[in-house]
Structure formats: C-alpha cells, structure tokens
Amino acid sequence: MEQVPLAHLLILSSALFFLGVYGFFTRRNMITMLMSVELILNSVNINFIAFNKYLFPNQLEGIFFTLFIIAVAAAEVSLAIAIIINLFRKFNTVDVEEVDTMKF
Amino acid sequence: MTLDNIILLIPLLPLLSFLLLGLAGKHISVRFSGVIGSVLLGAALVLSLVTAYDYFFSIGKQGSEFVPYLTAQLNWLPFNTDLSINLGLVLDPISVMMLLVVTFVSTMVHIYSLGYMKGEERFTTYYSYLGLFTFSMLGLVLSTNIFQMYIFWELVGVSSYLLIGFYFSRPSAVAAAKKAFIVTRFADLGFLIGILMLGHGAHSFDFFTLIERLSTPGSSYLATMTGASFLGMSTLTWALILVFIGGAGKSAMFPLHIWLPDAMEGPTPVSALIHAATMVVAGVYLVARLFPIFAVGAPDALTVVGYVGAFTALFAATIACTQTDIKKVLAYSTISQIGFMLFALGVAGWGPGKTEGFTAGLFHLFTHASFKALLFLGAGAIIHAVHSNEMKDMGGLRKSMPITHITFLLAALAISGIPPFAGFFSKEAIFSAAEQSNPLIYWVGLIAGTLTAFYIFRLYFMIFWHKTPDAHAHNHEKGEWAMMIPMMLLAVGAVFGGFIPFGDFVSATGKPLELPIELSHIILPVGLGVLSIVAAAVLYRKESDVPQRIVNTLGGFYRAAYRKFYVDEIYLFITKKIVFNLMGRPAAWFDRNVVDGTVQKTGSLTIALSNAIKRVQSGKLQAYTMYFFGGVLLMVVLLLYKFA
C-alpha cells in the first residue's frame, strides 16, 4: 500500500497552524480564541506523529509527546475557561477588546 | 573591697545615676530622684577620699616619690603589634587631686540643686545630666591614654551642651548651647590632629609611654620629632600647640573664650560645676598631664601656653570690671583665673628649681574650684531670691541674706588673694614662679590680680551694700538648707584650702616641693589687692555718681571693654561675611545646581522616556501576541538566512 508522503502531512499541519494563528488574531470572542489555540496545538501534534512515523519508525518519543500535549492541553483549557468565566463575571462580556484595564 | 574595685566604682556611680534617672526617671517620684543622684555622688565622694588617702599614704609612695598606679587595663584597639589604643584608669598625684575636686564640687552641686531646682519641670532629667557630666569628667581625669581622654573630652562637651541648653524653650539658651558646642568642637579638631601627630611620632597613645619616649633626652622618638620642622617649629612643638588648642577651647582661652560667658544661660549650679570648677580646667589638666613633654621636648609650646594664659588673664579681668550681669562677671573671672593657672604652667620648666609653676598652677586649680564654685552658688542663691541677674536690681542684701553674704565675702577675699584665705597661697606661688622666670608675665599677672580684687569687690558691694536695705524686702533668704549647707562646706574649703601643703603631694617630678612664701614677695600683690578692695569700697559702697564719671573719662576704652572688645562681633564678621560668602555660597551653589541638577535631570529624562514609550503597553491582548508573533517570525527569518 502506498503511503501518504510526509510533505502532505506537513502541509496539513502548517495549514492548521496558520488557521489557528489567524483565528487567534482576528476573533474577538475569547472562547473562539481558545479554540484557535487548540488548533495550533493539534497542528503541532500532527507534526510530532508524522516525524515519528517517517523518520524514526522504531521509536515512540513523538507519540508520547503527543499524549503529553493532549493531557496538558486539557488541563490548560480548564484553566483558561475558568479565567474567562471570571473575566465574564467582572466585565460582563467575553470580548477581548473590552478587557484592557491592565495598561499604562 | 579592694582598691582597684573602688577606683573603678568612682566613675561608675555617677554613670549609674545617669542611667537610672535617665532611663527609669518616669517611674521615680520627683522628690526621690534628686536624692538618689546626691546619695550616689556622695558615695563616690567618700570612695575618692578613701582612694586619695590610700594613694598618698600607702600605695602611691615609693621612697619619697609618688609613682603612677595603673588599674583596669584593657587592650582595646590593637592596630598592629606596635601601636594600640588601650583603656585604663590611672592614679597619680594630679589625677587624685582632680578626683577629689570633681567629686567634691559635684556632690555640693547635687545637694544645692535639691533646693535651687525644686519645682522645675524636668528635674529628674537635670539630675541625670549631672550624673552623665560627672561620669565623663571622672573618666577624663582617670584616663591613661590620650585617646581615651579624647573620648571623655567629647562626652563632657556633650553634657555641657545638654546642660547649657537645659531651658531649651529660651532661644538664647539654645543659641548659647550651640555656640559652646561648635566653638569647643572646632578647637577639638586641633586636639585630634595633635593626638595623631603625637601617636605617629611616638608610636603610642599611652600617656606614660608618650612621656617616657618624648621627654627622655637622647630618645630616638624625641630626636625624630624635634628633627623635622615646619615653619621654623619642630613637629613636636606643632603637635603640642595643636593639643593645646583643644585645651584652650575647653578652658576658654582667648580667642576661643567666647562661648563661656554665653554658657551662663544654663542653670546656675551647672555654671558652678561645669563652667567654673571642673570642665573648664580640663585644658589646664591636659597641659599638666603632658607637662614633661612640653617642658623637655618643646619649651616653645610651653611659652605659647604662658603668653596665651597671661594675656587672657588680663583681658578677661578687664572685661569683668565692666559687666553688669553677675553671672557674666563671674564667667569672665573664671576665664581670667584659668589664665592664671595656664601661665603658671607656662612659666615652669624642667629641672631643679624650675618646676614651681607646675605645682602653683595646679594648686590654684584646686583652691579656685572651691571659691569659684562658692561664688557661683552664692550668685545662684541671690538670683533665686531676687529673680534677676542684673546688679542694679540688687543692693543692700546683707541684712536679708546673712549666710549668703558671709560665704560670698569669704570667697571674694579668697579670690582676691588676701591672706590667710585659700587663693592667697596659690596666687603667691604663681607670682613667685612667674617672677623668677618671666618678668613680663609676672607684671601682666600682677595687674590682672589687682583687677581681680577690684571687680570681685565691685560685685560684692553692688550686691550687698550700695543701697540701704529695704525694711520690708520681699527677697529674704529662703531657708533652703539644701542650698546653704553646700555653700558653708565650700566656704570651709575657700578659707582653709590654702593650708594644705600642696607641694608635698603634687609636683612635676613626683618628689615633694616646698612652695616658699616670702614676705618680700607678698607685700606687692597683697598691697595692690587691698588697695583695689578699698577703691571698690569707696566707689560702690554707697550710691554715688563717681563711677559714672570715671566711665565718662575712660570713654572709648570702657565702651570697648563693656562690649567685650568686640570679639563676638569679629567672629560674626568672619563667619557671616567671609566664611559664608567665600565658602558657604559657592558650596550652596554647587549643591543646588550641580548635585541637585544631576539628580533631577536623571529623573526628568526617565519620565520623558517612559512617557514616550508607554503606549506600547496598551492592555490589548492581541496586540501583545502580535508583537510576539512578529518577534518569532523575525527570528525565523534570521535563522533561515543564517543557515541558508
């Protein structure tokens, strides 16, 4: 069976990464921004898996790293959601533009 | 209790009084605090009497000579194997003599103050200050080391400052305290430099090592210090003159005397203790301590001491004749009498038959302490009754204040040198020493002595005669026994103090010295003294216009003396016009423009910079991430470019 070439996977992860960055910069809703961060993380995961499979098929480091990232991302999301809920309670909005009191 | 412990206890008892009353004064009732101070001082007096007896009659004597007895030695600051600053206590004839004077006068003043300061606010504080002063003064006289003496020297300066400024709500008292402190501090700078020069030259700060190294002919230290010279005087002469400047500051010698008359702003008992009997003779004591070095190593410095003393004696006596405030008269009298002591030391020399002046000067210190303290305490009693310092508010007090009158008269006779009172013996010894070695100083001293009798009896007649006694005078002697008993005890000293064979105990070499009293020498000074007493009686016994006419005849000279020969004005001119303008103003300009300018410019530059860049911190989260992302991209580009 013919394999998918590595370059395809890298293109996919790059696309995913820039989608995430684009979303993070352009969306004003903090929840959506959080989702964009998840996209970025997932693009990284794809990279890890792909390199592990194509370059070092006898090893498992990339896969383990991916598992770690998934766990950490889950924890990070719960934290971020908590922060966002608190901000919502204080400012009554989830628009990131409104939350700008920490300045000069 | 061994003698060593007794000696150590003498300065510690007043220290205890200071600490007790100073720290726990709030918890001690006012009536009690004075008694505590007086009892502690009385104990110190008893211990000093024991010490003096032990020293003079057993431990101090080796053959026919008195030798120093050292105790409580402590190696304090070792700089290297050669040079260290030690602490310790020393007994030798002069320190034991000073020990007696200080504890005796201080005890008298403590008791007297029970009456004089009664009802004062800060009564307890007053007693704690007295304790501090007595401690420092005892430490000063017992020091074995010139550096240790310097420490106590400054401590007496501080306690003098505190006591002059005791009535700190009066601006004049504050100014006087400040003046006393600054003038003596200024003089102490000379003292310190002198100490360092002596220490550098002799590799020691210890008095007895210094004396041994710098007064033994042929010693290498002496040769080094007299070999190098600057402006025609040897290093040793310079060092001793600088040390003497310190002594002259404390002893109020011309031209550093200006602080003492102002110091009369303090309570009168303080003037009796500090500014008449003890602290102001510290300069005399200092010269006497280093006397062998002065006499052998640098006779020139001793000559300077002699001339300064003689000039001051005459100068201050002249001013004393014109003052109208009784405490000012007594202050100038003190300055003049210390001048006598110093010129007596100044005319002395080293070798057989030449050291009489040394004993004479210290003898005068000893007798002067009792009669001058008595005069001050008498003045205090008068001021207490009349509520004024001015002579014109007094007059005719002999009926209403009999005890004060009699004791004051005895002290006045003693200071005038009328036999057989204490001052006669010491003054005769001084005149005899001066006549032998320096005729000029002798004649100056004789004139000053004549003036002494005149001004003190002018004071006496103005206070106690002059006006007819007021029948219903309100200013009767308040029956304060606390005040009268010290005056009577001091009067005993003023009358009989001269009969002590002083030369047997105190002399430059430690061997007994006979102070000759010859009739041919006595006639002139005593005759002049009696004459001026008669003159004062004629002029001031009754109210008349003769003194005023004499004043008018003297004209400018009288006005100059009344204005204290404008010395204060000269000082003000020098400080305000010259020092402030030439040094103060440029320094202030430099401070305001250069120092402050640098600091302020740094601050304003920082503010401007941060104002310019503060917009970066906008609080917008996405802006921050954009910067971050830009930075990352930049790094990526750089890395790619580098590795490409």
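Note that the structure is predicted; figures quoted are calculated from it, not measured.

Of regular secondary structure, chain B possesses 26 helices and six strands. Over its C-alpha atoms, taken along the principal directions, chain B stretches across nearly 120 × 70 × 55 Å. Among the 644 residues that make up chain B, the fraction classed as buried is 55%. Sequence-distant contacts in chain B: of pairs separated by 6 or more residues, those separated by 24 or more amount to 78%. As displayed, chain B offers around 27,400 Å² of accessible surface, 70% of which is attributable to carbon and sulfur atoms. Mean positive and mean negative side-chain charge positions of chain B (39 and 32 charges, respectively) differ by 14 Å.

To continue, consider the interface of chain A and chain B. Each partner contributes residues to the interface: chain A has 15 residues there, and chain B has twelve residues. Around 1,200 Å² of area is buried between chain A and chain B when both sides are counted, 64% of it from carbon and sulfur atoms. At the boundary of chain A and chain B, one finds one salt bridge. For D100(A), the salt bridge goes to K620(B), with nearest N and O atoms at 2.8 Å. Summed over the shared surface of chain A and chain B, the result is four residue pairs in polar contact (both at pLDDT 80 or more). Sort the elements by how many residues they give to the side of chain A that touches chain B and helix α1 (residues 6-26) of chain A lands first, with five residues. Residue composition of the side of chain A that touches chain B, by class: nine nonpolar, one polar and five charged.

Turning our attention to unusual backbone geometry. Residue and element names in this part refer to chain B. Cis peptide bonds are those with omega within 30 degrees of zero, and the linkage from F254 to P255 qualifies with 0 degrees. Structurally, P255 is set in the loop between α9 (235-250) and α10 (259-262). Note that the residue after P419, namely P420, is joined by a cis bond; omega there is 5 degrees. You can see P420 is positioned in the loop between α17 (402-416) and α18 (422-437). Unusually for a residue other than glycine, R122 sits at a positive phi of about 60 degrees.

When cut into domains, chain B gives domain 1 (3-173 + 263-499 + 512-562) and domain 2 (568-643). Centre-to-centre separation of domain 1 of chain B and domain 2 of chain B, based on C-alpha positions: 60 Å.

Turning our attention to the environment of S416(B). Residue and element names in this part refer to chain B. By the element assignment, S416 lies in helix α17. Given the relative accessible area of 5%, S416 is considered buried. Here the alpha-carbon distance between S416 and L634, two residues 218 residues apart in the chain, equals 102 Å. From its side chain, S416 meets the backbone oxygen of A412 in a polar contact 2.6 Å long.

A few words now on the pairing of strand β4 (residues 84-91) of chain B. Residues and elements named next belong to chain B. Counting buried residues in β4 gives six out of eight residues, a clear majority hidden from the surface. As defined by bridge partners, strand β3 (residues 69-78) adjoins β4 across seven bridges and the pair is classed as antiparallel. Bridge pairing links N75 to N86 in β4. Where β3 folds back onto β4 in an antiparallel hairpin, the turn is made up of five residues.

Turning our attention to the UniProt feature "transmembrane region" (unreviewed entry) in chain A. UniProt annotation of "transmembrane region" (unreviewed entry) refers to residues 6-25 and 63-88 of chain A when read in the numbering used here. This span, residues 6-25 of chain A, is 100% helix and 0% strand, and a straight line between its end C-alpha atoms measures 29 Å.

What follows concerns the packing of aromatic side chains. Residue and element names in this part refer to chain B. Counted according to the given criterion, the structure contains 40 aromatic pairs over all chains. On the basis of an interplanar angle of 65 degrees and a centroid distance of 5.4 Å, the ring pair of Y126 and F166 is categorised as edge-to-face. Of the two residues, Y126 is situated in helix α4 (residues 123-142) and F166 in the loop between α5 (146-164) and α6 (171-202); the sequence distance between them amounts to 40 residues. On the accessibility criterion, F166 (2% relative accessible area) is buried. Cluster of aromatic residues (ring-pair linked, three or more members): Y53, Y55, F56, F57, F66 and F505. Its end group placed over the ring of F207, R289 keeps NZ or CZ at 5.4 Å from the ring centre.

All names here are of chain B. One way to put it is that α17 packs onto helix α20 (residues 481-496) with a least axis distance of 10 Å and a crossing angle of 25 degrees. Taken together, the axes of α17 and α20 lie roughly parallel to each other. Regarding α17 and α20, the two cross each other, and that crossing is left-handed. Facing α17, whose interface residues are I403, T404, T407, L410 and A414, α20 presents W481, M484, M487, M488, A491, A494 and V495. When grouped by side-chain class, the residues that make up the contact of α17 with α20 number ten nonpolar, two polar and no charged.

Reading the values: rules and limits
- Residues numbered from 1 in each chain as written.
- Chains lettered and ligands numbered in written order.
- Predicted model: local features only at pLDDT ≥ 70, side-chain atom pairs only at ≥ 80, totals over all residues.
- Heavy atoms only, no water.
- Helix = DSSP H or I, 4+ residues; strand = E, 2+ residues; numbered from the N terminus.
- Buried < 20%, exposed > 50% of the residue type's maximum accessible area, 1.4 Å probe, protein only.
- Contact = heavy atoms within 4.5 Å.
- Areas by Shrake-Rupley, 256 points an atom, 1.4 Å probe, with all protein chains shown as cover.
- Lys, Arg positive; Asp, Glu negative; His and termini not counted.
- Charge placed at Lys NZ, Arg CZ, Asp CG, Glu CD.
- Buried area = accessible area lost by both parts, 1.4 Å probe.
- Salt bridge = Lys/Arg side-chain N within 4 Å of Asp/Glu carboxyl O.
- Polar contact = N/O pair within 3.5 Å; in protein donor to acceptor, adjacent residues only side chain to side chain.
- Nonpolar A, V, L, I, M, F, W, Y, C, P; charged D, E, K, R; others polar.
- Domains from an automatic or database assignment.
- Pairing = 2+ DSSP bridges.
- UniProt positions renumbered as here; feature names shortened; annotations may be inferred.
- Phe/Tyr/Trp six-rings, centres within 6.5 Å; stacked < 30°, edge-to-face > 60°.
- Lys NZ or Arg CZ within 6 Å of the ring centre and 35° of its normal.
- Axes fitted to C-alpha atoms, helices over the stretch in contact; angles between N-to-C directions.
- Parallel < 35°, antiparallel > 145°, perpendicular 65-115°, else oblique.
- Left-handed = near helix turned anticlockwise from the far one by under 90°.

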